[in-house]
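# Structure at a glance
Residue-level listing of the chains:
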Amino acid sequence: MITEKKQRQGAKTSPKSRAKDEKPQSGNGRVAIITGNEAAAHAARLCRVQVVAAYPITPQSAVVENLSKFVESGELKAEFVTVESEHSALAVCIAASTVGARVFTATSANGLAYMCEQIHWAAGARLPIVMCCVNRAMAAPWNVLNDQQDSMSQRDAGWIQIHCRNNQEIFDTVVQAFKIAERVHVPVMVCYDGFLLSHTVMPVCLPRQEDVDRFLPPYTPHTLLDPADPRNLNQVTLADPRVNSEGVLCHGYMELRYLHQEALVGAREAIVAVDREFDQCFGRRWGGMVWGYRDEDADVCLVAAGSLTMEASTAVDMLRAEGIAAGVVGVRAYRPFPVEELIAALKKARLAVVFDKSLSYGYEGPICADLKAALFQSEAAPAVFGCIAGLGGRDVKARQLADAVRNALKQYDNGQRTAPPAWIDCRI
């Protein structure tokens, strides 16, 4: 938690300092005071991406704007492709990844929705694309501020989704994402909260190029294109396995879906392993699938994803001062969902209070619903209470989270084991 406390302090740094305020860091690159968007762009640069597809949308635009500067200055040798829409941006990534390039793009909100067809295509084609989703509320009505409805709406598209809590984690996760994607051949969406992280400056350690090169070797494509050996890619696939022109029995559609599911479930091992390998190279790790703060003896756990977990950490400190044994369980990897890790993290708690920045309309928060399903198979499952918070950029304060926990504890002590989701600071 030392790193996280430093990041909380860094969030208060004056915006005037920006990336110009850099200082050397002994043995492992330099420290820069930069935004989350700049951290993502630097990570892509150091990963030596070969193709960047760019279309602007707030609050993501600065990611590709910074990459365009790197390409223009010669710091990054890549094809920077400006397109007419987000749909085309991901189409460029699909084509470039198919022919063996390491590719990157970023988007937000309705831009992600516009990509929807291609999001499914990239996953089904098993392409190791990395895309930053700078989380923003979905329209209508128009709102450019933060919640997590956009990425949650694509949770069933077959991508790995990893949520970041601060700018250092954004940088580190983008670097890790390429290694994960290229290891399991599943695209990765690196999610971080718009404005709260994308436009907030914090100290970020930027390692040396040679260190990143050692951690992330050049991409070896799994799609082999050879004019002397022509073949069709992603052709119409019928339900049942069929024999091809060479007499080889090939998978039907259902078999391909099964293999995709197995790869995504198996990605858990890759996410944990790559985080451990990153720690060995750079001295930082982020918990793999989940992380905790003061959760070892927690009686009640606050569960959330993204920057909201930092406010939850402050709320836990407040509750601990009152004698309430509270802790944070942060969901880092949302897909694949960390079933085993959450069961282990919550086995000693009698109550989990989940804070979702999105809503599965007609039901409840998606993290809350998925947690309940995960705990169904646990013998020592805590009660789970859900809260909806921060939609459309509504400010969420630590004291509000602490109040929600106190209310949930009162309900629990009165014998209640379930309740409709509570809406934090909803004024209706």
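Because the structure is predicted, anything quoted here is derived from the model rather than measured. Starting afresh in each chain, residues are numbered from 1 along the sequence in its written order. Reporting of local features is limited, given that this is a predicted model, to residues whose pLDDT is at least 70; pairs of side-chain atoms are given and counted only at 80 or more, and all residues count toward the totals for whole chains, interfaces and linings. Side-chain figures throughout are based on the complete set of non-hydrogen atoms in the structure, without hydrogens or water.

A separate point is the domain arrangement of the protein chain. Where each domain starts and ends follows an automatic or database-derived domain assignment. The assigned domain composition of the protein chain is domain 1 (25–220 + 266–282) and domain 2 (292–423). Relative placement of domain 1 and domain 2: their C-alpha centres are 27 Å apart. With 27 residues of domain 1 at the contact, the number on the domain 2 side is 25 residues. Buried surface area refers to the total accessible area, computed with a probe of radius 1.4 Å, that the two partners give up upon joining, counted for both partners together. Summing both partners gives a buried area of about 2,100 Å² for domain 1 against domain 2, and 49% of it is carried by carbon and sulfur. Considering only the side of domain 1, the residues that lose the most area to domain 2 are Gln149, Arg155 and Arg165, jointly responsible for 25% of the buried surface there. Any carboxyl oxygen of Asp or Glu within 4 Å of a side-chain nitrogen of Lys or Arg constitutes a salt bridge here. Remark: the boundary between domain 1 and domain 2 carries 5 salt bridges. The partner of Glu169 in a salt bridge is Arg332, with the nearest N and O atoms 2.9 Å apart. Identification of polar contacts relies on pairs of N or O atoms within 3.5 Å, with a donor-acceptor requirement for protein atoms, meaning one able to donate a hydrogen and the other able to accept it, and with residues adjacent in sequence counted only if both atoms are side-chain atoms. Our count for the domain 1 to domain 2 interface comes out at 16 residue pairs in polar contact (both at pLDDT 80 or more). Those elements that place two or more of their residues in the side of domain 1 that touches domain 2 are helix H7 (149–152), strand S7 (160–163), helix H8 (167–184) and helix H10 (253–282). In the scheme used here, Gly and all other residues not listed as nonpolar or charged are polar, with Ala, Val, Leu, Ile, Met, Phe, Trp, Tyr, Cys and Pro taken as nonpolar and Asp, Glu, Lys and Arg as charged. Grouping the constituent residues of the side of domain 1 that touches domain 2 by class yields 11 nonpolar, 8 polar and 8 charged. For this analysis, residues touch if any pair of their heavy atoms sits within 4.5 Å. Put simply, DSSP H or I for four residues or longer makes a helix, DSSP E for two residues or longer makes a strand, and each gets a number counted from the N terminus.

As a further point, take a nonpolar patch on the surface. Nonpolar side chains collect at one region of the surface, where Val99, Leu225 and Leu233 lie side by side and expose about 270 Å² of accessible area between them. Of note, Leu233 is situated in the loop between helix H9 (209–215) and strand S10 (242–243). Of the residues examined, Leu233 reaches a relative accessible area of 42% and is grouped as partly exposed. Here, patches come from residues exposed beyond 30% relative accessible area and free of salt bridges, joined within 9 Å for like charges and within 5 Å for nonpolar side chains (Val, Leu, Ile, Met, Phe, Trp, Tyr). In these tables, accessible area is a Shrake-Rupley quantity obtained with a 1.4 Å probe, and a residue counts as shielded only by the protein chains included in the view. Using a 1.4 Å probe on the protein chains alone, a residue whose accessible area is under 20% of its type maximum counts as buried, one over 50% counts as exposed, and one in between counts as partly exposed.

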